[in-house]
Each structure stands twice: as C-alpha cells, then as structure tokens.
Amino acid sequence: MRGLSKSFGGVRAVSDVSFAVAPGEMLALIGPNGAGKSTLFNMVGGQLPPDGGSVLLGGDAITGLGPRAIARRGVGRTFQVTATFGSMTVRENVQMAILAHHGEVWRFWRPAAERHRAAADALLAQVGLAAQADRATGVLAYGDLKRLELAIALGNAPRLLLMDEPTAGMAPAERVGLMHLTRHLATERGLAVLFTEHDMDVVFDVSDRILVLDRGALIAEGDGPAIRADPAVRRVYLGTGATSGGH
Amino acid sequence: MDSVLPQLLTGLATASSLFLVASGLTIIFGVTRIVNFSHGSLTMLGAYIGWSILTRLPRDPAWFALGILLTALATALIGVLIERVVLRRVYRAPELFQLLATFGVVLIVQDATLWLWGAVELPLPRPRWLRGFVEVAGGRFPFYDLVLIAIGPVVLGLLWLVMNRTRWGTLVRAATLDREMVAALGVDQRRLFTSVFALGAGLAGLGGALSLPNASANLGIDLSVITDAFVVVVVGGLGSLPGAFVASLLIGILQAFGIVLVPKITLVLVFLVMAVVLVFRPNGLMGRPQAEAREAALAAPVVRAAPPALRWLGAVALVLAVLAPFGAGDYYLTVLTDACVAILFATSLHFMMGPGGMASFGHAAWFGIGAYAAGLLLHWAGAPMPLGLLAAPVAAGIVAALFGWFVVRLSGVYLSMLTLAFAQIAWAVSFQWVEVTGGDNGLLGVWPPDWARSPRVTYWIALALSVGVALLLRRALYAPYGYALRAARDSAARAQSIGLDVARLRLVALVIAGAACGLGGAIFSYGKGGVFPTYISIPHSVEALLMVLLGGLQTVAGPIVGALVYTGLADLLVRSTDLWRLVLGAVIVLLVTAFPEGIAGAARRLWLRGREA
C-alpha cells in the first residue's frame with residue numbers, strides 16, 4: 001500500500017498511509033475507535049475506492065478495482081459479522097469457494113455436489129471442522145462459523161487474507177485458538193495476513209508486526225516489544241498527553 | 001408552441017391525481033414496509049363511493065367538495081378495516097406473503113364492486129360549473145383541471161405540515177427511518193400503523209373521487225392506478241413524499257407530451273424514464289437505501305436432493321401422465337395440457353425467485369411475450385409450430401435480458417415492483433397496438449399443424465416440453481451455476497468476496513426463467529388456438545406466485561406440486577361459481593393470515609411439535 005488516502009466530506013479518514021505485508025507474515029492493524037482501520041481495510045478489499053495512493057499485489061496495481069475483481073486476483077477476506085451461505089452445508093460452502101476459484105461457476109450440467117469434495121474436506125480438516133461437514137451453517141456455534149469463514153476464504157487460494165475483527169464476539173480461549181490456526185496456515189501456505197483486532201493479548205501473541213493507526217495516520221510500526229515501548233502508542237492508548245483527549 | 005402550454009397543464013393535472021394516490025402508497029410503505037397492492041382498489045372504491053354520494057347531492061361546488069371529503073373518509077374507514085382484519089396479521093410474515101395478502105384484497109374488492117355496482121361504467125353527470133373553461137394564454141383550458149393542479153401542491157403542503165408540525169407526524173417520520181427504534185421507544189405500533197393506513201387509504205379514495213369528473217367509475221381502475229402509483233413511488237424513492245411529488249410531475253408531464261408526440265409508445269417511454277432514473281439513482285430520486293436486515297433474517301434451510309422414494313413417485317407419476325390420454329376424455333386432456341403449461345410457469349418463476357432470490361410480480365410478462373412471439377410469427381409470416389416453439393423462448397429470453405440489465409442490481413422490493421410495472425406495460429402494448437396484436441380480440445387461429453391438432457398429441461407435446469424443461473432447470477440448480485446463484489442470494493457480500501459476479505448470476509437466472517416461461521406461453525397458445533392480452537394480466541402473474549407458494553419455495557419439486565394442485569383447484573372453482581375471484585381472494589387472505597410463515601413453514605412447525613409431544 002502506498003500513500004493511501006480517503007476523505008469523507010472534508011474529514012480525512014485515512015491520510016497517506018503506506019505499508020507492506022510479506023508472504024507468510026501476520027500483520028496486525030490496531031488503533032482506537034475511529035482511527036480509520038475499517039476505511040483502510042475497505043480500500044484494500046475494494047469496498048471503497050481510495051482518493052489517492054495505490055494498492056499493489058505482487059507488483060500489480062489493484063487500486064480501485066471492485067471487491068469481486070480484487071477477490072479474483074487473490075485477496076480473500078472474512079467479515080466482522082459472519083456471512084456464510086445459509087442454504088448450504090458446511091462442506092458445500094467451501095466447495096462453492098473452490099468452484100469459484102477454479103472458474104467453474106458457469107456450468108449448468110454436471111452436479112456440483114461431488115466436485116472438489118476431497119479438497120473441501122481437506123480444508124475443513126485443516127480448520128478443525130471435518131466432523132461438521134454435513135451440517136447446516138445455521139446450527140454452527142459462533143466460533144465454528146468463524147472457522148468456516150476462514151475455510152471459505154482459503155478455498156479461493158488467496159495470496160493476501162484480510163480479516164476484519166476476526167475474533168469479535170468469541171470467548172477468549174476460542175480467540176487464541178482461531179488466531180493460532182491462522183498463524184499456522186499463514187506460515188504453511190506463505191499467506192500474507194492483514195487483520196484488525198481489539199484484543200491486545202491476541203495481537204501481541206500472534207502478529208509478526210503491528211501497525212498503529214490514529215486519526216487516519218500511521219503513528220507506529222514494528223514488532224510487539226517495539227510497539228509496547230513506543231511513546232506515541234502509549235500516548236494514544238493510555239491517554240497521557242493531549243493526543244487523544246483533544247475533543 | 002401553441003400546443004405546449006395546454007399539454008403542460010394537462011400533464012400537471014394528471015400529476016396531481018397521481019400524487020394523491022402515490023403519496024398514500026409511499027406513506028404506508030414508509031411506516032409499515034408493506035407494498036400495498038390493494039391501494040389501487042381503494043382508489044377504485046373511492047371512485048364508486050364518490051359516484052354514489054355525488055349523484056345524490058345537489059350539484060354545486062360546495063356540496064361537491066363535501067361529497068369528495070365524505071368519500072375520502074369512507075375509504076379511510078375501509079382502509080382501517082383492511083388493516084385490522086388482514087395486514088395486522090402479516091407484518092412479521094415474509095414480504096411476499098404481505099404482497100399476496102394485499103392481492104387477495106384486490107380480488108375480493110373486484111368482485112364485491114362488481115356485485116354492488118354492476119359491470120357498467122358509471123360516468124358522473126357533470127353540472128355546468130364542472131364543464132367550464134378558463135382562458136389561459138389565449139387558449140381555452142378546462143376549469144376542473146386547474147382545480148386539480150392546485151390540489152396537488154395543497155395536499156403536499158398539508159401533509160408536510162402534519163408530518164413536521166405534529167407529534168403524530170414526527171412518529172411517522174421516525175418510523176419511516178427506523179421502525180425498530182420507534183418500537184423500542186415504547187410507541188404503540190398498532191395505533192400508529194392503523195392511523196397511517198387510514199391516512200393512506202383516505203388519500204387513495206380522494207384521488208379516486210377527484211378523478212370522477214374527468215373519467216368514470218370502472219372496474220379497471222384498480223390495476224391501472226396501482227401500476228402508475230408503483231412507477232411514481234419507485235421513481236420518487238420508496239417512503240419519500242417530496243420524491244412522490246416530483247416523480248408525479250415527471251411522469252404526468254411525460255405522459256401528457258408522450259400522447260401527443262409518440263402516442264403508441266407512451267407507456268414504454270414511462271418505463272424507460274423509470275429505468276434511467278434507477279440506473280443512476282437505484283433508490284429513486286429522493287429515496288434512501290433499504291435496510292438489509294430483513295433479507296438476512298430470512299435464513300433458508302439447507303437444500304438437499306430429494307430422497308429416492310420421491311424420485312420413484314415422480315417416475316410413476318410421469319408414466320401415468322404419458323398414459324393418461326388412453327384413459328381421459330378430451331376435456332380432461334385440455335386440463336392436463338393446462339397443467340403441463342402451469343408446471344413450466346411455476347418452475348420458471350421458482351428458478352428466479354427461490355434460488356435466485358428475485359420475487360417477481362409480473363411473471364406473466366414472459367409468458368405473454370412467448371405467446372405473442374409464436375402468434376405473431378404465425379399470423380404475419382406463416383411460421384409453423386416448431387419455429388414458433390423455438391422463437392418463443394428466444395424472444396422472451398432476449399427481452400428478459402434487456403429488462404434484467406436494468407433491474408438485477410436493485411434491492412428486493414424495487415425489483416418486485418418493477419417486474420409488475422413491466423408486465424403492465426407489456427400488457428398495455430398488447431392491448432393498445434391493435435394493428436399488430438389485434439388488441440383485445442387477440443390473435444386467432446394460432447393452431448398447431450394438422451398432425452399435432454388432436455388434444456392427445458397437443459398434450460403429449462406439452463408434457464414432453466414441460467417435463468423436459470423442468471428437468472433441465474432442476475439440473476442447472478444442482479450444477480455449480482445453481483449453487484453460485486444460491487450463494488449470491490444467501491450472502492451477496494460473501495459471494496463477491498470469493499469472486500462471484502452476483503449481478504451476472506442473477507441476470508442469467510432471469511433470462512433462463514423468462515425463456516422457459518415464454519415457451520410455456522407458446523405451448524398454451526397453440527393449445528387454445530389464440531393469443532390474448534389476458535395472458536399478461538396481473539391476475540395471471542399472481543397465479544404463478546400462488547403455485548410456487550402453495551408448493552413451497554425451498555424444494556425443487558415444490559413448484560411442480562403447486563402447479564398441479566392449483567390447476568385442479570382453479571378448474572373446480574371456475575366451474576362451480578361466478579364469484580371465483582372473491583372466493584380465491586378470500587382463500588389467499590385466509591391462507592396467508594392463518595399461516596404467516598408459509599404453508600411449508602406451518603407444516604414444519606406442526607411436524608416439530610408432533611415430535612416433541
């Protein structure tokens with residue numbers, strides 16, 4: 001990401017933010033409410049067109065493309081509020097993603113039920129949902145739904161995975177489990193992961209690097225210990241000084 | 001230049017009448033989120049009741065005004081009745097059931113009006129003051145039209161005062177923005193809804209009564225008015241009063257000039273304007289985006305393939321159907337042919353509505369386009385039946401693609417209303433373009449060639465095509481395409497994030513459904529020997545909905561069962577009573593109010609309860 005900016009009616013939500021994510025790296029994006037995390041996220045995912053700057057994926061510009069085009073180029077994402085295909089079984093949810101990845105959507109004849117079944121089961125096994133493959137998504141526990149979202153995103157074989165508040169609404173033990181799983185998958189597949197997160201324990205536990213955003217600007221960047229020690233970050237989070245209490 | 005001013009004034013007068021009706025519709029929608037199909041019926045009742053009152057009063061302006069106000073009051077009371085008896089029970093039901101419930105009211109009001117006032121048009125005898133003219137810029141202009149022109153802005157002003165200067169109006173505006181929030185604040189929703197419905201119904205009645213001097217009370221008002229009102233409300237933005245006013249002006253003036261400049265395609269012109277507006281402003285000129293909470297709340301159960309037992313049952317039924325001509329007489333063979341067509345009609349609607357998630361209230365449009373494609377080819381080019389059967393789905397598919405290009409990006413209610421408006425326009429074209437389509441008389445002599453003329457062969461052809469196409473549709477639904485279509489319906493955001501092209505998936509579903517339905521229309525025409533505008537009528541569209549809902553949306557076999565049951569019931573009903581609309585309407589209302597979660601949902605609930613016991 002180079003110099004990304006976005007304004008809403010005169011308010012600069014994100015200004016001139018640049019950073020990079022490497023394959024296999026877990027990059028956390030943190031900051032107080034209203035810092036511009038979601039705006040930044042949506043610009044990378046294609047839900048919002050940036051006003052300025054560019055997004056490069058492996059050297060190709062994907063700036064301003066729609067969410068679908070960005071997905072086709074290898075960016076997967078999970079949503080803060082889980083979104084799965086309610087009329088399908090857990091396995092079919094993942095099969096759907098694999099079908100889409102292979103460009104096999106426009107087929108009208110051969111039944112889809114057997115297609116990529118083994119690949120879907122393999123992904124489900126990786127996220128720990130093998131036993132639930134034939135269940136409806138509506139009856140899954142919340143933590144399992146999050147795992148399913150992860151499997152769906154992986155079905156599209158992404159190079160970059162965007163996770164918006166992946167552990168929101170989960171019990172603390174489940175949070176760690178999900179993020180360790182993600183960490184493991186990122187290393188194994190050489191997958192770059194960019195995620196936002198409110199739970200600081202999770203952030204410091206699993207991320208390789210942390211970006212801190214405040215009022216639309218990048219104020220710090222580094223690994224866990226560096227961020228913990230950063231005076232600017234301490235000001236924003238601990239409220240010492242005038243940085244966050246001004247209005 | 002001479003003709004510009006009078007046309008403009010005519011357009012403004014039309015706009016006023018339109019606004020009265022559309023404002024009621026849009027207020028009701030804003031607060032209750034119900035698209036009130038019976039709004040046109042209230043307008044029609046306004047015309048009839050107005051006629052009955054005004055013909056009994058002295059014919060001077062003061063009494064005229066009083067009569068009009070009494071009429072509005074009467075329709076407001078009827079509105080309260082409808083709200084209390086029918087709508088109150090379906091506020092939590094799926095959107096489609098609400099629409100069906102209000103359509104049941106349309107049918108009941110139709111037959112009740114026919115029974116009370118008779119089939120003859122009732123013109124209002126016009127006293128001298130109503131026939132007067134006023135000099136406007138050197139031309140003579142009807143005095144009454146000027147009155148109408150004034151009434152529109154006056155009503156808008158009064159409504160604005162009520163909405164912005166009273167507590168009730170504040171509640172209405174708040175409920176339009178966020179219904180849940182208003183409920184959470186402890187407002188009595190029942191009274192709010194009832195009063196809103198009364199106001200809307202009163203406005204509808206007012207519009208109906210005020211149109212009397214220029215028109216007459218007739219039985220066609222309900223459906224023609226509801227189409228215009230839908231167009232206005234969609235263009236203006238659902239729930240927006242100023243939007244309805246601006247859209248009324250736009251459509252009224254467009255109609256007035258269209259009739260002079262391009263008389264044959266005025267209706268098409270209106271539709272084009274609507275399409276252009278929606279392409280640039282998908283929520284109408286002044287509307288807001290519809291909240292999506294409703295869609296998400298409607299979680300569909302998992303679709304699983306039918307159990308083997310059901311397949312065997314289907315196979316046995318198919319064998320029986322093939323052998324039927326050896327046992328059934330000619331009359332039953334025509335009913336069975338109708339049933340085959342009904343299967344195409346229902347399965348094609350189910351395809352776009354169930355897995356596709358696009359509810360259509362104008363499915364008969366594709367049926368009619370297919371029928372007219374075959375009929376016109378035969379009539380004007382002497383094309384034989386096989387060519388007609390080929391041309392019908394192609395024509396319907398092409399038109400569906402053009403229509404779909406405008407609408408597949410729209411949200412549920414807008415799309416449903418536009419399908420209805422489109423069907424009404426297709427109907428009007430078939431009805432008005434007399435030189436080509438034969439108008440009301442239709443195209444006659446659309447018979448199959450001699451070898452296929454016997455009821456037996458006609459039936460077999462219908463059976464082969466309808467079962468064949470139904471199986472193809474089923475095949476597509478279990479193929480990757482069908483999965484992707486369902487994925488787009490279940491969660492559009494998620495579907496896009498795995499790279500699915502939601503709009504294109506839906507567009508193709510619409511084209512497939514249109515083509516299959518068009519084939520049904522052609523088969524039907526060859527069976528009946530003619531093509532008529534009634535094929536495209538709104539009641540015909542609603543038949544398709546009834547079939548699908550009878551069978552249930554969630555299963556692929558559902559619409560087939562629904563089509564068969566409906567055809568059988570309708571045959572019985574039409575043969576046994578003249579008031580079949582009334583009976584059908586009452587049945588719809590009863591079904592919907594008794595089983596607001598749908599018949600399939602009710603069966604499921606009963607089954608679950610049985611297991612617990």
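Residues numbered from 1 in each chain as written. Chains lettered and ligands numbered in written order. Predicted model: local features only at pLDDT ≥ 70, side-chain atom pairs only at ≥ 80, totals over all residues. Heavy atoms only, no water.

Comments concerning the overall build of chain A
A tally of helices and strands in chain A yields nine helices and 11 strands. In terms of C-alpha radius of gyration, chain A reaches 19 Å, essentially the compact-globule figure of 18 Å for 247 residues. Principal-axis analysis of the C-alpha atoms places the extent of chain A at approximately 65 × 35 × 30 Å. The proportion of buried residues among the 247 residues of chain A is 51%. (Helix = DSSP H or I, 4+ residues; strand = E, 2+ residues; numbered from the N terminus. Rg over C-alpha atoms; globule rule 2.2 N^0.38 Å. Buried < 20%, exposed > 50% of the residue type's maximum accessible area, 1.4 Å probe, protein only.)

Quick look at the overall build of chain B
Scanning chain B from N- to C-terminus turns up 27 helices and four strands. Put simply, chain B has 613 residues, and 53% of those count as buried. Sequence-distant contacts, at least 24 apart, represent 81% of the contacts inside chain B between residues at least 6 apart. Split by element, the accessible area of chain B, about 26200 Å² in all, is 69% carbon and sulfur. (Contact = heavy atoms within 4.5 Å. Areas by Shrake-Rupley, 256 points an atom, 1.4 Å probe, with all protein chains shown as cover.)

Examining helix α6 (residues 172–189) of chain A
Since the α-helix turns once every 3.6 residues, residues separated by three or four places project in the same direction. Residues and elements named next belong to chain A. Between its first and last C-alpha, α6 extends 26 Å over 18 residues, near the 26 Å set by a 1.5 Å rise per residue. L178, M179, L181, T182, L185 and A186 are the residues of α6 that are buried. Projected down its long axis, α6 shows its buried positions confined to an angular sector of 150 degrees, all on one face. Turned more than 90 degrees away from the buried face of α6, the exposed residues are P172, A173 and T187. On its buried face, α6 sits against β3 (26–30), α4 (117–127), α5 (142–155), β8 (160–163), β9 (192–196) and α7 (200–206). (Expected span 1.5 Å × (residues − 1). Arc of directions from axis to C-beta.)

Focus on the environment of A464 of chain B
All names here are of chain B. Along the chain, the position of A464 falls in helix α20 (residues 455–478). Assessed through its relative accessible area of 52%, A464 is described here as exposed. Residues A464 and T577 lie 113 residues apart in sequence; the distance between their C-alpha atoms is 33 Å.

Considerations on the pairing of strand β7 (residues 75–78) of chain A
All names here are of chain A. Because side chains alternate across β7, one face comprises the buried residues V75 and R77, and the other comprises G76 and T78, equally buried. Where β7 lies against β8, four bridges are found, and the strand directions are parallel. Paired with R77 across the bridge in β8 is L162. (Pairing = 2+ DSSP bridges.)

Remarks on the packing of aromatic side chains
Enumeration over the complete set of coordinates arrives at 23 aromatic pairs over all chains. Between Y48 of chain B and W117 of chain B the ring centres are 5.0 Å apart and the planes differ by 35 degrees, which places this aromatic pair in the tilted class. Placement of Y48 of chain B in helix α2 (residues 39–54) and of W117 of chain B in helix α4 (residues 95–117) is noted, with a sequence separation of 69 residues between them. Owing to a relative accessible area of 22%, W117 of chain B belongs among the partly exposed residues under this scheme. A centroid spacing of 5.2 Å and a plane angle of 70 degrees characterise the contact between F524 of chain B and Y535 of chain B, whose relative ring orientation is edge-to-face. Remark: Y535 of chain B occurs in the loop between β4 (530–531) and α24 (538–551) and F524 of chain B occurs in helix α23 (residues 502–528); sequence separation between them is 11 residues. Positioned above the aromatic ring of F204 of chain A is the side chain of R228 of chain A, whose terminal nitrogen or guanidinium carbon lies 4.0 Å from the ring centre. One cation-aromatic arrangement involves R475 of chain B over W109 of chain A; the distance from NZ or CZ to the ring centre is 4.2 Å. (Phe/Tyr/Trp six-rings, centres within 6.5 Å; stacked < 30°, edge-to-face > 60°. Lys NZ or Arg CZ within 6 Å of the ring centre and 35° of its normal.)

Section: the pairing of strand β2 (residues 139–142) of chain B
By the bridge criterion, four bridges tie strand β1 (residues 133–136) of chain B to β2 of chain B in an arrangement that is antiparallel. Pairing of V136 of chain B across the sheet is with G139 of chain B, part of β2 of chain B.

Some details on the environment of G46 of chain B
All names here are of chain B. Looking at where G46 falls in the secondary structure, it is placed in helix α2. Between the alpha carbons of G46 and L210 there is a distance of 8.6 Å; along the sequence they are 164 residues apart. In this structure, G46 is in contact with T71, T75, G205, G208 and A209, ignoring residues within four places of it in sequence.

Here's the deal with a nonpolar patch on the surface
There is a patch of nonpolar side chains on the surface, built from L318, V319, V322, L323 and F326 of chain B and spanning about 450 Å² of accessible area. Assignment of secondary structure puts F326 of chain B in the loop between α14 (308–323) and α15 (330–353). (Patch = residues over 30% accessible without salt bridge, like charges linked within 9 Å, V, L, I, M, F, W, Y side chains within 5 Å. Salt bridge = Lys/Arg side-chain N within 4 Å of Asp/Glu carboxyl O.)

What about the confidence of the model for chain B?
Parts of the model with low pLDDT should not have their predicted coordinates read in detail. Residues and elements named next belong to chain B. Per-chain confidence: chain B averages 87 in pLDDT, with 94% of residues scoring 70 or above. Element-level mean pLDDT values for chain B span from 39 in helix α13 (residues 293–297) up to 96 in α2. Here residues 292–298 is modelled with pLDDT under 50, and outside its nearest four sequence neighbours on either side it reaches six contacts, counting other chains as well. (pLDDT = per-residue confidence, 0-100.)

Description of helix α25 (residues 558–576) of chain B
Residue and element names in this part refer to chain B. An ideal rise of 1.5 Å per residue puts 27 Å on 19 residues; α25 measures up with 27 Å between its terminal C-alpha atoms. Where α25 is concerned, the buried positions are G558, P559, G562, A563, Y566, T567 and D571. Taken together, the buried residues of α25 touch α15, α24 and α26 (580–594).

Brief notes about the domain arrangement of chain B
All names here are of chain B. Under the domain assignment used here, chain B contains domain 1 (4–290) and domain 2 (328–576). For domain 1 versus domain 2, the distance between C-alpha centres works out to 31 Å. Between domain 1 and domain 2, the residue contacts involve 29 residues of the former and 27 residues of the latter. For the pair domain 1 and domain 2, the two sides together bury roughly 2700 Å², of which 87% comes from carbon and sulfur. Counting every contact that joins domain 1 to domain 2 gives zero salt bridges. Linking domain 1 with domain 2 are one residue pair in polar contact (both at pLDDT 80 or more), by the criterion used here. Elements with a contribution of two residues or more to the side of domain 1 that touches domain 2: α4, α10 (221–236) and α12 (266–280). Per-element tally for the side of domain 1 that touches domain 2: the top contributor is α12, with seven residues. Residues of the side of domain 1 that touches domain 2, tallied by class, amount to 22 nonpolar, five polar and two charged. (Domains from an automatic or database assignment. Buried area = accessible area lost by both parts, 1.4 Å probe. Polar contact = N/O pair within 3.5 Å; in protein donor to acceptor, adjacent residues only side chain to side chain. Nonpolar A, V, L, I, M, F, W, Y, C, P; charged D, E, K, R; others polar.)

As for the interface of chain A and chain B
Facing 35 residues of chain A, the contacting portion of chain B comprises 32 residues. Between chain A and chain B, roughly 2900 Å² of surface is buried when both sides are summed, and carbon and sulfur atoms account for 65% of that area. Our enumeration of links across chain A and chain B arrives at two salt bridges. Applying the counting rule to chain A against chain B returns 13 residue pairs in polar contact (both at pLDDT 80 or more). Those elements that place two or more of their residues in the side of chain A that touches chain B are α2 (67–72), β7, α3 (90–101) and α5 of chain A. If one sorts the elements of the side of chain A that touches chain B by residue count, α3 of chain A sits on top with five residues. Of the residues belonging to the side of chain A that touches chain B, the class tally is 20 nonpolar, six polar and nine charged.

Focus: the packing of α3 of chain A against helix α21 (residues 480–490) of chain B
The interhelical angle for the contact between α3 of chain A and α21 of chain B, taken along N-to-C directions, is 110 degrees, at an axis separation of 10 Å. Judged by the inter-axis angle, α3 of chain A sits roughly perpendicular to α21 of chain B. Here E92, M96 and L99 of chain A of α3 of chain A come into contact with α21 of chain B, specifically with P480, Y483, A484 and A487 of chain B. (Axes fitted to C-alpha atoms, helices over the stretch in contact; angles between N-to-C directions. Parallel < 35°, antiparallel > 145°, perpendicular 65-115°, else oblique.)

Let's talk about the packing of α10 of chain B against helix α11 (residues 241–261) of chain B
Residues and elements named next belong to chain B. As a packed pair, α10 and α11 sit with axes 8 Å apart at the nearest point and diverge in direction by 125 degrees. In terms of orientation, α10 lies oblique with respect to α11. Where α10 crosses over α11, the two elements pack in a sense that is right-handed. Residues D228, V231, V232, V235 and G236 of α10 lie in contact with α11, whose contacting residues are G243, A244, A247, S248, L250, I251 and Q255. (Left-handed = near helix turned anticlockwise from the far one by under 90°.)

What to know about the state of the cysteines
All names here are of chain B. Evaluation of the coordinates by the stated rule reveals zero disulfides over all chains. In this model C340 remains outside any disulfide bridge; the closest cysteine sulfur is found in C517, 15 Å from its own. For C340, a relative accessible area of 3% puts it in the buried group. You can call C517 buried: its relative accessible area is 1%. (Disulfide = S-S within 2.5 Å.)

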